[in-house]
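# Notes for the structure review
So you can see what is in the structure, the chains are spelled out below.
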Amino acid sequence: MHFHYKKNSLYCEQVSISRIVKEAETPCYIYSHRALVEQFARLRAAFASVDPLVCFAMKANDNLAVVKTLVGQGAGCDIVSEKELAKALRTKADPKKIVFASVGKTDEEIIAALKAGILLFNVESRAELDEINRIAGTLKQRAGAALRVNPDVAAATHDRIVTGTLNKKFGLDLATAGVILRERSSWPNVEISGIHMHIDSQIKTPEPYAEALNRLLPFLAQVKQDGVDLTYFDVGGGFGISYDDNHPEHIEDFARVLVPLLQQTGLKIIMEPGRFICGNAGIFVTRTLFVKNNGVKTFIIVDGGMNDLPRP
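Bear in mind that the values here come from a model prediction, so they are computed numbers and not experimental data.

A few words now on the pairing of strand S1 (residues 3–6). Relative to strand S2 (residues 9–12), S1 runs antiparallel, the two being bridged by four bridges. The residue bridging His4 from the neighbouring strand is Tyr11, located in S2. Linking two consecutive strands that pair antiparallel, namely S1 and S2, is a turn of two residues; a positive phi of about 50 degrees is found at Lys7 within it.

Shown next, in the form of structure tokens:
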């Protein structure tokens, strides 16, 4: 592993943590460059036969060094805000490898993304499509867009992170998406060139993805029959990771199930992994300040708190 012990001293790759904290002080985050690169390469290798555009989900970790490392390996970026767009561009990410998710995009965010020349907006509603069309027209541009569809599939994770069922705020039902695609000329300043889905986070088995894809394949066949030519299919992210050594994730198992289904779409595949790439690539380092015992339990007090922690 990239974090390991040598004679009771913790190392990141070949550098001791104690040496790093002497320079960086605590609390601090320490990331393994090799862990990021190898996990990204592992994902691409597993899905090599569909040659996906892998857009790192910056909501998982928008640290500039992390993003720059992955962009340097050929990754694009999946963003959800103007701030993340600015960070992606600062790392020299190719705008044509940037997709913009988020249920609630502001006018300012849409303008910034259009001016940057991003690849696609993942559109969540007809109202959002109307607004992108209006702003693009004002700027005399044509926006690229993918419709985020909701396949009404629930994965076996925590209810608060389920996004692929119709009782959640995410995406368009298939009937509405079909109408929009057939009436796409109503939005002359938007090129609707793809379909996007994101059903959940921390998914540990390929079955929910397979169920969602099996629901979407007939939909894609129908819209093609209706004369709608698409270019992209964005399968989203959500691949789970293990938080212990007993149940490691196997992205190759996902690929064996999903690749044949993705090939049936006949479209350019986009993927938006986040946690899968960076979740096990870093550590949060603190220093012990005090030891406190209240007669019931012993507490270790450290110099890092909630203000230092990332999005849980």
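What follows continues from the structure just given.
With respect to the helices and strands, Arg148 occurs in strand S9 (residues 143–148). A relative accessible area of 6% means that Arg148 is categorised as buried. Among the polar contacts listed, one links the side chain of Arg148 to the backbone oxygen of His198, at a separation of 2.9 Å.

What follows is about the confidence of the model for the chain. For the chain, per-residue confidence averages 92 on the pLDDT scale, and 92% of positions sit at 70 or higher. Low confidence marks residues 161–167, where pLDDT is under 50. Its contacts with residues over four positions away, or in another chain, come to 28 contacts.

Around the barrel, which closes on itself, the eight strands sit in the order S5-S6-S7-S8-S9-S10-S11-S12 with parallel pairing between neighbours. Across the sheet, the mean angle from the axis of one strand to that of its neighbour is 30 degrees, orientation sign disregarded. Pairing of strand S11 (residues 232–234) with strand S12 (residues 268–271) involves three bridges; the strand directions are parallel. Across the sheet, Tyr232 pairs through a bridge with Lys268, a residue of S12.

Moving on to the sheet that holds strand S3 (residues 15–16). In sheet architecture, strand pairing relies on hydrogen bonds along the backbone and comes in two forms, parallel and antiparallel. Read from one edge of the open sheet, three strands run S1-S2-S3, paired in antiparallel fashion. The open sheet terminates on both sides in strands that have one partner only, identified here as S1 and S3.

This part is about the pattern of salt bridges. Once the charged atoms of two side chains with opposite charge are near each other, the side chains can pair. A complete count under the given rule lists 13 salt bridges for this structure. Each of Asp62, Lys83 and Lys87 takes part in a single network of salt bridges with overlapping partners.

Of the residues making up helix H4 (residues 82–90), those classed as buried are Glu84, Leu85 and Ala88. Along the axis of H4, the buried residues cluster in a sector spanning 105 degrees; they form a single face. For H4, the exposed residues lying more than 90 degrees away from the buried face are Lys83 and Arg90. Lining the buried residues of H4 we find strand S6 (76–79), strand S7 (98–100) and helix H5 (107–116). The positive-phi residue at the C-terminal boundary of H4 is Lys92, with phi of around 70 degrees.

Moving on: the nonpolar core. With 78 residues, the main nonpolar core has Phe47, Phe121, Phe233 and Phe239 as its most contacted residues. In terms of residue count, the dominant contributor to this core is helix H8 (residues 207–225) (nine residues). Non-local contacts of Phe239, meaning those with residues more than four positions away in its chain, are made with Leu43, Phe47, Ile203, Tyr209, Ile251, Phe254, Leu258, Met271, Pro273 and Phe276.

Moving on: helix H2 (residues 33–46). An ideal rise of 1.5 Å per residue puts 20 Å on 14 residues; H2 measures up with 20 Å between its terminal C-alpha atoms. Residues of H2 that are buried sit in contact with strand S5 (53–57), helix H3 (64–72), helix H9 (251–265) and helix H10 (275–278).

Another aspect to go through is the packing of H2 against H9. Axis angle and axis distance: for two packed helices, these are the angle between their axes and the distance between the axes, and together they describe the pair. As a packed pair, H2 and H9 sit with axes 9 Å apart at the nearest point and diverge in direction by 25 degrees. One element, H2, and the other, H9, form an angle in the roughly parallel class. In terms of crossing hand, the pair formed by H2 and H9 is right-handed. Only Ile251, Glu252, Ala255 and Val259 of H9 make contact with H2, whose side of the interface consists of Arg42, Leu43 and Ala46.

For the rest of this paragraph, the subject is the packing of H2 against H3. Contact geometry of H2 with H3 gives a least axis separation of 10 Å together with a crossing angle of 40 degrees. For the element pair H2 / H3, the angle class is oblique. Helix-helix and strand crossings are classified by hand; for H2 and H3 the assignment is right-handed. Across from His33, Leu36, Val37 and Phe40 in H2, the residues of H3 making contact are Val66, Thr69 and Leu70. When grouped by side-chain class, the residues that make up the contact of H2 with H3 number five nonpolar, two polar and no charged.

The next point concerns the pairing of S2. Bridging between S2 and S3 involves two bridges; their strand directions are antiparallel. In the sheet register, Cys12 faces S3, and the bridge partner there is Val15. Counting the residues between successive antiparallel strands, the hairpin from S2 to S3 contains two residues, one of them, Glu13, with a positive phi of roughly 55 degrees.

Turning our attention to the packing of aromatic side chains. Applying the stated criterion across every chain yields a total of eight aromatic pairs. For the pair Phe47 and Phe239, a centre-to-centre distance of 6.2 Å together with 35 degrees between the ring planes defines the contact as tilted. Within this pair, whereas Phe47 is found in the loop between H2 and S5, its partner Phe239 is found in the loop between S11 and H9, the two being separated by 192 residues in sequence. In this structure Phe47 comes out as buried when scored by relative accessible area, which is 0%. Among the aromatic residues, those joined into a ring-pair cluster are Phe47, Tyr209, Phe239, Phe254 and Phe276. In this structure, Lys6 is placed above the aromatic ring of Tyr11, and the distance from its NZ or CZ to the ring centre is 4.8 Å. The ring of Phe100 carries the charged tip of Lys105 above its face, separated from the ring centre by 5.7 Å.

Cut-offs applied
- Residues numbered from 1 in each chain as written.
- Predicted model: local features only at pLDDT ≥ 70, side-chain atom pairs only at ≥ 80, totals over all residues.
- Heavy atoms only, no water.
- Pairing = 2+ DSSP bridges.
- Helix = DSSP H or I, 4+ residues; strand = E, 2+ residues; numbered from the N terminus.
- Buried < 20%, exposed > 50% of the residue type's maximum accessible area, 1.4 Å probe, protein only.
- Polar contact = N/O pair within 3.5 Å; in protein donor to acceptor, adjacent residues only side chain to side chain.
- pLDDT = per-residue confidence, 0-100.
- Contact = heavy atoms within 4.5 Å.
- Axes fitted to C-alpha atoms, helices over the stretch in contact; angles between N-to-C directions.
- Salt bridge = Lys/Arg side-chain N within 4 Å of Asp/Glu carboxyl O.
- Arc of directions from axis to C-beta.
- Core = buried A, V, L, I, M, F, W, Y, C linked by side-chain atoms within 4.5 Å.
- Expected span 1.5 Å × (residues − 1).
- Parallel < 35°, antiparallel > 145°, perpendicular 65-115°, else oblique.
- Left-handed = near helix turned anticlockwise from the far one by under 90°.
- Nonpolar A, V, L, I, M, F, W, Y, C, P; charged D, E, K, R; others polar.
- Phe/Tyr/Trp six-rings, centres within 6.5 Å; stacked < 30°, edge-to-face > 60°.
- Lys NZ or Arg CZ within 6 Å of the ring centre and 35° of its normal.

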